[in-house]
Each structure stands twice: as structure tokens, then as C-alpha cells.
Amino acid sequence: MNLSRRQFLKGGAATLGGVALLSSPMAYALRNSTKTEAPPETKLEQYDWEKHYYAFAVDTTKCIGCGKCVVACKLENKVPPDPEHTRTWVERYVITEEQEIFVDSPEAGMEGFVQPQMNLKYQGLAISESFFVPKLCNQCEKPPCVQVCPVAATYATKDGVILVDQKRCIGCRYCIQACPYGARYLVPDGDVTPNGYSRVADKCTWCYHRVVKGHPPACVEACPVGARVFGDMRDPQSPVREILRHSRVYTLKPSLGTKPKVFYIGLHFGVV
Amino acid sequence: MNPGFAYPNELETQWTLFIVLYPYITGLVAGAFIVSSLYHVFDIKALKPVARMSLITALAFLLVAPLTLLLHLGQPLRGIYIFITPQFRSAMAGFGFIWMFYLILVLAETWLVFRRDIVAYVKSTQGIKKAFYSALALGVYDLSERSLYIDKKLIKILAAAGIPSAALLHGYVGFIFGAIKANPWWSSPLMPLIFLLSAIVSGIALLIVIYVVISKIRKQPVDHACVDTMVQWLAGFLVVDLAFEGLEVISMLYESEDSWEIISLLITQKLRVSFLMVQLGFGSLLPLIVLLAAHSVRLRAGTRTAISFGGAFMILMGVLAMRWNVVIGGQLFSKSLAGLLSYTPPLMGQEGVLAAASFLALPLAILAALFYVLPPWKEVVEGEAQPAIAARQRRRFG
Amino acid sequence: MSKDTRHLVRAGALLVVGVVVFLLIRQVLVPRSFGEYGYYRGENVQEWASLPLTFSDTSSCNQCHAPVYAQWHSSPHVAVSCENCHGPGIAHIETGAKLTIPEARELCLVCHERLFSRPANFPQVESVAHAGDVECTACHSPHSPAIGGTPPASQTPTAGQTPIATDTGPTSAFPLIPHPLEGRATCSLCHRVEAGLVPLSQSHAGRTDDICLACHQQRKP
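Residues numbered from 1 in each chain as written. Chains lettered and ligands numbered in written order. Predicted model: local features only at pLDDT ≥ 70, side-chain atom pairs only at ≥ 80, totals over all residues. Heavy atoms only, no water.

Residues and elements named next belong to chain B. Domain annotation of chain B identifies domain 1 (1-16 + 220-343) and domain 2 (17-179 + 347-398). Computed from C-alpha atoms alone, the centre-to-centre distance between domain 1 and domain 2 is 26 Å. Contact residues are listed per partner, giving 25 residues for domain 1 and 28 residues for domain 2. For the pair domain 1 and domain 2, the summed buried surface comes to about 2200 Å²; carbon and sulfur atoms form 72% of the total. (Domains from an automatic or database assignment. Contact = heavy atoms within 4.5 Å. Buried area = accessible area lost by both parts, 1.4 Å probe.)

Here it is, written out as C-alpha cells:
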């Protein structure tokens, strides 16, 4: 197991050019079932990115606001440790009996929501409903960030993920302004991205380095309740396809025409 | 919705003071260039005293315009990529080319307009200076009737081409903001128009200020007719500019879409001083009323020019506030539309107030240097050297 | 060429030289793989794809920790991946670096403390009322959280191998009840934290009768 992983990592680093890797099915156990299925050991070189088109589902009726996803993301992707530069975060919605809506995301959700000072302000409110909404890059089908990049340093891969070429990003921050979801940030001085760059735009990649090797994104792996589901739209067995078949889903800010590929189950009006 | 939420990544203000200066400085370029074109294309003779000066002013500010952008980049050394692999679906990608095109155009026109002077300096100077002017003349000292006639035709063509280019340069800056659908304070088809009009307004105001100051420094009489003409154009453009700026906010208010709740908080809380008081009041309506009043009652020409000078200065401040309100204002609320954000520029540091102030002073320093090399007020034509002002005296009225 | 346009020709030549220089610079600076798949630097896709992993997956844990894996796998915590509590595993797998586990109580409560925002059907407790400040692992094994969950079969390391971590079950044995239960349904009649006939430890404050038997069983005669 060890050896084979090392081999394909090495192979991946050595082979440039063809992103022509695998075609075997992405068999992620739907989080709510089990994590027992061994992900297929897939070699980067055999990966064929035209055979996949990824999508993500978030079940807000399951999220418990533990923040494990945010922590896992930061560890997996060397995201700056502070909450103000984050690839993913968890929002809490509190809706009163009079349908007044409060939103917050203390520490971007990475500490969870159990600390007493995080709950003080809701004491004495007549709460009708409350839930958590995990957020991440929507990997839009019509990405405004890609549209506005002046130097073609951000682009969509054929399997549907928006990446930033941090070797070429000039740090103009236009993409950060253009993202309606606040999913991007500029890597601050002193922090470096996994690729080794600072002062460039960074964002969620759906753990591209994991998914092309058959592993789920780190946040999905970390979610203890199956609120985050990753899958492949080209695979009829994919858990995402299953969810889209059986649930009413919604995307964020559909009126902006960005066509997000993160689908939300159980979204309430007022979720921003 | 209870205001108070922002996406975590939004707590850092992305575009700061230098990005406020950038549209301000390009705006001054566009406006100053329009003034020179009014003379060279539309033959508005009253503007002759500032015709050459406005070209030099446009050039000085144009040279500085990309610097603030460049220094704001996370990776300034990669700035050249905007020329190497421009991604033309981006509203920003064309900036480099449009700026370069415009620079070539302004340089060419300035060169043709000053060619007689340059050749004259080649003949009247010695040593290093002579070499410098010879290089500027590209080693050609021919001032035949026909060559000057060709130059004049070319100047007219370039000046005419410069008007749409100026509009393009600055309308384009407006589009950079106006095309961001994620931001309701920016996203508007009126944005390019508003940027263009305010650019012209600020450029004319700048020339009034520079012209009056230079005249005082040179202890030369001010050509009041010239100032009056500039004020007329200034007031005209300002009225249209204000109309569009008002239209923008009024239509937002009237339609009251989901974004209005937070925008109204933005205007009344975060931008109360800089938008309502400085941009609209002190920087637009007040000077407009004062300028119109000063030109409808009988006043001594000197008094009227003094008032025009003051009004122009206020308008310059108002347009600077407008740039702040657009650039910073658009980042003072969350794109979740659920909360306001804050930004206070630091005094020191790379994007601090002092650094920004020096970037506003830089074009003035360049301007002084250019005035030294090519004094626009000196018509150094052999045989008929005369201060431009003399011919204008009889056109004074009032 | 007329001498009257000589200056214009020179200026034009300067412009042409500028454009040519620009095109040459551009030739050098456009990355080799730019445009390979689209209008971007193609190699970048591979750069992202080949980044090393930090988190592994549960199946790799099974390779060395089979007994505890089996126990976890049949428990309600099966949805909680190993690395969720133990931290990212790749370094542990590849270099043997030790995994540390944060303080257990906070680790459990970040999920199980009662919050009004959590789904109602998710198991949650008011931690203070539930167990005072006793460590959760005193009663609950994380790998089989139901009270009385069986500890996994012990695992003896092969000779020369580093000892393999395993779950030894709840950290404390609960005192058994030394008397018959018939007719004594209300434990708190005699056992109270304060001033009880047989006082309980402070950690039991707030516990109600219905939870006593979850931990304490009657001594077998």
C-alpha cells in the first residue's frame, strides 16, 4: 500500500504533459453508510480527465457544525491557519419565530460552535429553526473568476474543477472581487500554498490531488455525518447522482447565472 | 436579515488606496486630453493657452497611471503577463494594451505639437542639452512649410482619435467595476459612463487649477477667457455626470432589489461623509451652484477666476471621493448582502496614506520636469516668438 | 521618400522596432505548455494533481490495526473516519510518526454537546448535566461508544515490531451494585451527591435515576 502510493506519487510528479489518468469508477462510500470501501488504487498516469465530471452535494439537514471539514481542509491543503483565509467554512443560521434571520461563522467554523461565548447572543431568542451550512468553492460551470482573470491564470479543468496557476497569478485580486461566494483569498505574506507560492490567489480545488487518485476531498473524508458528498456526474453509481435523483436540491445565488456544481439539500430561504 | 455577517475571506479588504488612485489618475489623463482635443479638433480658440499644457499634463499622469496598479499586485514582477498572455474575456486584460495605445497616441501628438520647439532648442542649446533635444527630434531638423502642414494635419487626426481613445481608456476602467455581477454597488451599465464623465470633469478641473497656479508662479496674467471657457465645459459635463450618478442610486432605491437593504446602510452609514457630503455635496452640487452663480452675475474677471479656481479644486476633491466611494465602498459590505465591513487606510506602509499621497505628487513632479524640458507656454518659432497670452487679451469679456 | 516626412518615417520605424521587440519578448515569456488544453498553462493541471496527500483513508488503517478497525466498523461511529480524531495519517503510514489525539472531552463534545442548531436526531448531551467533568472515555469507548461496548481483542505485536496501538476499552471499571435491586427503583432515594445516605462523587451531579443502570450493574451473586 505504502509502496504503491509512493510509486504513483513519484510517477505523477515525474510525468508532465498528459493529464491522462484513470478511468475506473470513483467509489467513495457515501459518508452516511461506511468508510470501509478501499478507494481504488488509481495511477495518475491512467487517469483520463475527460471521463469524469465532478459535483458536490451538501446536506444541510445533517451538518452538526463540528468544523472538522474546515480543519481537515487546512491540514490537507496548507491553507493559512487563521479563519480569515479559508477554502471552506461553516455558517450557522438562526431563524426566529418571527422569521428574522441571523447568520454567523465564528472562526470560520473551524473550532466548532460549542464554546459558550459563541452562543451567548442567541440566549433569550424565540428560535424557530437553526442549522449549519458548510460552504466551499462552487466550481461554477460559468465561473466569473475565470472570466475576469486578466492573464489566464485561473481556468476550468475538463473534469470540472477551477484551478489557479499560482506560478502565473499576478495577484491582482480581480477574481476575489468577482466571486459572488467569497470562496477566494490572497495567500498572505508568510504563508505558502502547497505549490510553494505566496501573495497569489488561492481557493478550494475539491482536493484535486486526491480526487484524481481516487480519494475523496479531505473535507468529505473528515465529515462524520455524511453532510458533504463528493461524486462524479459521469458515474451513474456515484453518490452525488444518487442524491440528485432523490432529493430536492438548490444552488447558491442561482440568479447570477454562475451554475454552481455544489448542490444543497434542505436550504432555507435567506441562506446567502 | 440581521446585518453583521460577512464571508470569512471578506474580512481582508482586497483593493485599497492605490486602486482608488488608479481610476483617479487615469481619469485626469482622459479629461486633460479632452481639453487639448477641444482646441485641436474643435478649434475652440479660447483654449489655446492650455492646449499644449493639457497634452503635457495628460502625458505626466499617464506615465504614473499603471504604477499604482503594478505596485498593488501581489506579484508586481509578473505584471508583464498582462501583455504576454492577455485573457480578453477579462475586463482587465485590455488595460495594458489600451494604456500602451493611448501612451503612443499622446506621445506622438505631443511630439508633433512640440516638434518646432524641439528643433529650435536643438539650435539654441549646447552640449548635453543639445544632444537630448536632438534625440527628441529623432535627428530630423526639417521645418519646411510642407512638413509643418503635414504635422498639423496629423495632429488633428491624432487629437480626433484621442477623443474615443480617452473615452475607451476611462470608460473601460468603469467597465472593470461595472461588469462585476457579484457586487451590486459596482454592477451597473452606467458605471463606464459615470467614470468617463467624472474623468472629463476632473481633467478639466485639474487644468484650471494647474493653469492658474502656473500663471501665478510665472507671474503672468491669467487669460480669464480661457478659464471661463474651461468652466463652461466643466459645468456642462458636471451636470450630466451628476445626472447619471443620481440616476444610478435613485434607480437602485426605486427598484429596491434584495441588495438595496445593505446598500442603503452602506450609503447612510459607511459612506455618509465621503459619498453624501464630499462627493455629492462639497464636491459636486456646491461647486456647481457656485460656478453657475459666479458666471451669471457681473463680477471682476479676477474674482470670477478665483471662484473658478476654488470650485475646480472642490470638484477635484469630489471626484477623488467618488473613486473612494466606488472602489472602497464596494468592499465595505459583504457579498452575502448580510453585513457591513470596515476599512481604514494605515498612515504608513506600502498602501498607506503617505504612500498614496506621494503617488498623487509624482505626476506633478513629472509634470514639472516636462514643463522644464518643453515649456508649453513658450512658442519658440524663429522670428515670431511671442507669449501666447498677448494675442488673447482682446478676447477678454466681462 | 520626401524629405518633408523624414521625421515621421523615423518615428514610425521606432514604433515598428518597439512592436518587434515586444513580439520577441512575448515569444520567450509564453510558457511552453500554454494552450496545450485551453488558454492556460497546461502543465499546471499536473502540478496540482501530483501534490502529495496528507490524509489517507480508513482502509489503510485496517492494514495494521485490524481488531480496533473491526470494532469501530460495527459501531455507530463507523461514519467517523479514523483520521477525524487521530489526525492526518499519511506521515504516520510513511514514516511511522506517532499520531497524537487531542484531549478527549473537547474532541467528543465538538460533535456531541447539545446545540440548538444541530439536527434533533443527532445524539447530543448537556455535558455538565450528563457527566460533570468526567472524561467521556471513562464510560464510552470511541471505537464502540455504546455503554458496555466490548473492547477489541488484544493484539500482540510480532517480534521486532513496534507495539501497535489498540483500544483497551473504557478507562475505568464501574463499581458494581452490592445489593439486590428489587423494590429499589429510585436510586436517588439513598444515593445523592450531597447529604445522601451513600453520597456520590461531584461528577454525578444532575444525573437522574434512569441513567444509573447504564453503567452500574448488579454484582453477580
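Moving on from the model shown.
Here we come to the environment of K121(A). All names here are of chain A. Relative to the helices and strands, K121 is located in the loop between α3 (116-119) and β6 (127-135). Residue class for K121 comes out exposed when judged on its relative accessible area of 53%. A polar contact is formed between the side chain of K121 and the side chain of D104, at a distance of 3.2 Å. (Helix = DSSP H or I, 4+ residues; strand = E, 2+ residues; numbered from the N terminus. Buried < 20%, exposed > 50% of the residue type's maximum accessible area, 1.4 Å probe, protein only. Polar contact = N/O pair within 3.5 Å; in protein donor to acceptor, adjacent residues only side chain to side chain.)

What follows is about the sheet that holds strand β5 (residues 101-104) of chain A. Residue and element names in this part refer to chain A. With antiparallel pairing, three strands are arranged side by side in an open sheet as β5-β4-β6. For this open sheet the edge positions go to β5 and β6, each flanked by a neighbour on one side alone. Strand-to-strand twist across the sheet, computed as the mean angle between neighbouring axes with direction ignored, equals 15°. As paired strands, strand β4 (residues 89-96) and β6 are joined by eight bridges and run antiparallel to one another. Paired with Y93 across the strands is F131, a residue of β6. (Pairing = 2+ DSSP bridges. Axes fitted to C-alpha atoms, helices over the stretch in contact; angles between N-to-C directions.)

So, on to a positive patch on the surface. Residues and elements named next belong to chain B. A contiguous patch of positive charge, built from R116, K152, K153 and K156, is present on the exposed surface. Ranked by the residues each element gives to the positive patch, the list is headed by helix α6 (residues 145-178), at three residues. With respect to the element layout, R116 can be found in helix α4 (residues 94-124). For R116, a relative accessible area of 30% translates into the label partly exposed. (Patch = residues over 30% accessible without salt bridge, like charges linked within 9 Å, V, L, I, M, F, W, Y side chains within 5 Å. Areas by Shrake-Rupley, 256 points an atom, 1.4 Å probe, with all protein chains shown as cover. Salt bridge = Lys/Arg side-chain N within 4 Å of Asp/Glu carboxyl O. Lys, Arg positive; Asp, Glu negative; His and termini not counted. Charge placed at Lys NZ, Arg CZ, Asp CG, Glu CD.)

Facing the 50 residues of chain C at the interface are 72 residues of chain A. Summing both sides of the interface, chain C and chain A together bury roughly 5100 Å²; the carbon and sulfur share of this comes to 61%. When the buried surface of chain C facing chain A is broken down by residue, Q46(C), W48(C) and F116(C) rank first, second and third, together holding 15% of it. Applying the counting rule to chain C against chain A returns one salt bridge. Residue D165(A) is joined to R41(C) by a salt bridge in which the shortest nitrogen-to-oxygen separation is 2.7 Å. Put simply, chain C and chain A have 17 residue pairs in polar contact (both at pLDDT 80 or more) between them. At seven residues, the largest contribution of residues to the side of chain C that touches chain A is made by helix α2 (residues 43-49) of chain C.

Another point: the nonpolar core. Core analysis: the largest hydrophobic core is formed by 147 residues, its most contacted members being Y174(A), L47(B), F177(B), W185(B), I208(B) and M230(B). Per element, the largest residue contribution to this core is 19 residues, and it comes from helix α7 (residues 190-217) of chain B. Counting residues domain by domain, this core receives three or more from each of domain 1 (1-16 + 220-343) and domain 2 (17-179 + 347-398) of chain B. Excluding residues that lie within four positions of it along the chain, Y174(A) makes contacts with V148(A), W15(B), S90(B), A91(B), M92(B), F175(B), I176(B) and I180(B). The next biggest cluster of nonpolar side chains, apart from the first, holds 60 residues, and it includes W49(A), A108(A), Y208(A) and V220(A). (Core = buried A, V, L, I, M, F, W, Y, C linked by side-chain atoms within 4.5 Å.)

Counting from both sides, the interface comprises 37 residues of chain B and, opposite them, 52 residues of chain A. When chain B packs against chain A, the two sides together hide about 3700 Å² of surface, and 53% of this comes from carbon and sulfur. Ranking the residues of chain B by area buried against chain A places Y7(B), N9(B) and K181(B) at the top, with a combined share of 17%. A salt bridge links R173(A) to E12(B), with the nearest nitrogen and oxygen atoms 3.5 Å apart.

All names here are of chain B. Two elements in contact, α7 and helix α11 (residues 301-327), have axes separated by 8 Å at closest approach and are oriented at 145°. When you trace α7 past α11, the crossing you get is left-handed. Tallied by class, residues from the contact of α7 with α11 come to 19 nonpolar, four polar and one charged. (Left-handed = near helix turned anticlockwise from the far one by under 90°. Nonpolar A, V, L, I, M, F, W, Y, C, P; charged D, E, K, R; others polar.)

This part takes up the environment of D202(A). Along the chain, D202(A) turns up in strand β10 (residues 201-202). Separated by 53 residues in the primary sequence, D202(A) and S255(A) place their C-alpha atoms 25 Å from one another. Beyond its immediate chain neighbours, meaning those up to four positions away, D202(A) contacts R87(A), Q166(A), A183(A), R184(A), Y185(A), V187(A), T193(A) and W48(C). In this structure the side chain of D202(A) is engaged in a polar contact, spanning 2.8 Å, whose partner is the side chain of Q166(A). A polar atom in the side chain of D202(A) sits 2.6 Å from the side chain of Y185(A).

All names here are of chain A. Burial along strand β13 (residues 262-265) is two-sided: V262 and Y264 and F263 and I265, pointing in opposite directions, are all buried. Direction of pairing for strand β3 (residues 54-59) relative to β13: parallel, over a ladder of four bridges. Within β13, the residue paired with V58 across the bridge is Y264. Sheet topology places strand β12 (residues 249-250) next to β13; two bridges connect them, and they run antiparallel. Across the sheet, the residue bridging to V249 is I265, located in β13.

So, on to the pattern of salt bridges. Evaluated as defined, the whole model comprises 23 salt bridges over all chains. Here D189(A) and R199(A) are joined by a salt bridge, their closest N and O atoms 3.2 Å apart. On the criterion of sequence distance, the pair formed by D189(A) in the loop between β9 (185-186) and β10 and R199(A) in the loop between β9 and β10 is long-range, its members being 10 residues apart. Judged by its relative accessible area of 56%, D189(A) is exposed. Its relative accessible area of 22% is what places R199(A) among the partly exposed residues. One salt-bridge network, in which partners are shared between bridges, spans D165(A), R32(C), R41(C), E43(C) and E47(C).

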